[in-house]
Amino acid sequence: LKNCRAVMGGLCHSAWKRLVNIGADVIQPMGGFYLFPNFEPLREQLVKKGIVDGKQFCERLLEETGVACLPGYEFGRPESELSMRIACVDFNGAEALAAASDTSKIDEAFLRNHCTRVMKAIDLLCEFVTRK
């Protein structure tokens, strides 16, 4: 359980930090495996890409990057809001837990090596949002 918390905590914290760094509004995760970023602060640059609501945002993200997420309106947010729910669980948990024997070593290199798909998805999401 300690190793699971360390891996999930490190992964969600890394994703949170990267999303905040591009300008998304995201509550810092304290547990769990979901993030719920709101990209309203980036609305102007997303509108320039023709993205005006959360559904369209998630559809375009999937079409153009292969990254799947759910729009915020599926969870009670307004349809026009540029929010989404991201699950940070697309990795081989058994492999990551076996490698996490030293929980002090759950760093960026560990995450990129053992949680590759999630890290790549966050990279693609950030690139998609910030690309001109």
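Small disclaimer: the values here were computed from a predicted structure and weren't measured. (Residues numbered from 1 in each chain as written. Predicted model: local features only at pLDDT ≥ 70, side-chain atom pairs only at ≥ 80, totals over all residues. Heavy atoms only, no water.)

Draft legend 1. Expanded view of a nonpolar patch on the surface. A contiguous nonpolar surface patch, about 250 Å² in accessible area, is contributed by Phe33, Tyr34 and Val89. For Phe33, the location among the structural elements is in the loop between α1 (2-22) and β1 (34-35). (Patch = residues over 30% accessible without salt bridge, like charges linked within 9 Å, V, L, I, M, F, W, Y side chains within 5 Å. Areas by Shrake-Rupley, 256 points an atom, 1.4 Å probe, with all protein chains shown as cover. Salt bridge = Lys/Arg side-chain N within 4 Å of Asp/Glu carboxyl O. Helix = DSSP H or I, 4+ residues; strand = E, 2+ residues; numbered from the N terminus.)

Draft legend 2. Structural view of the layout of surface pockets. Approximately 300 Å³ is the volume attributed to the largest pocket. Lining the largest pocket are 20 residues; nearest its centre among them are Val67, Ala68, Ile86, Ala87 and Ala121. For the lining of the largest pocket, the elements supplying multiple residues, two or more each, are β3 (84-87) and α6 (116-130). Residue composition of the lining of the largest pocket, by class: 14 nonpolar, two polar and four charged. Estimated volume of the second largest pocket: approximately 190 Å³. What lines the second largest pocket is a set of 13 residues, among which Asp25, Val26, Ile27, Phe36 and Pro37 lie closest to the centre. Considering only residue class, the lining of the second largest pocket consists of seven nonpolar, three polar and three charged. (1 Å grid on protein atoms, 1.4 Å probe; cavity = no way out; pocket = protein on both sides within 12 Å on 5 of 7 lines; lining within 4 Å. Points joined across faces, edges and corners; volume = space filled by probe spheres on them. Nonpolar A, V, L, I, M, F, W, Y, C, P; charged D, E, K, R; others polar.)

Draft legend 3. Quick peek at the packing of aromatic side chains. Across all of its chains, the model carries four aromatic pairs by this definition. Between Phe33 and Tyr34 the ring centres are 4.5 Å apart and the planes differ by 40 degrees, which places this aromatic pair in the tilted class. Phe33 gets classed as partly exposed once you look at its relative accessible area, which sits at 35%. Assessed through its relative accessible area of 37%, Tyr34 is described here as partly exposed. With a centroid separation of 6.1 Å and 85 degrees between ring planes, the pair formed by Phe36 and Phe75 is classed as edge-to-face. Of this pair, Phe36 sits in the loop between β1 and α2 (43-47) while Phe75 is found in the loop between β2 (70-71) and β3, placing the two residues 39 residues apart along the sequence. Judged by its relative accessible area of 35%, Phe75 is partly exposed. In textbook terms, an aromatic cluster arises when at least three aromatic residues are bridged by ring pairs, as seen for Phe39, Phe57 and Phe128. Directly above the aromatic system of Phe128 lies the positively charged group of Lys49, at a separation of 5.2 Å from the ring centroid. (Phe/Tyr/Trp six-rings, centres within 6.5 Å; stacked < 30°, edge-to-face > 60°. Buried < 20%, exposed > 50% of the residue type's maximum accessible area, 1.4 Å probe, protein only. Lys NZ or Arg CZ within 6 Å of the ring centre and 35° of its normal.)

None of the figures reported here should be taken as evidence of function without further support.
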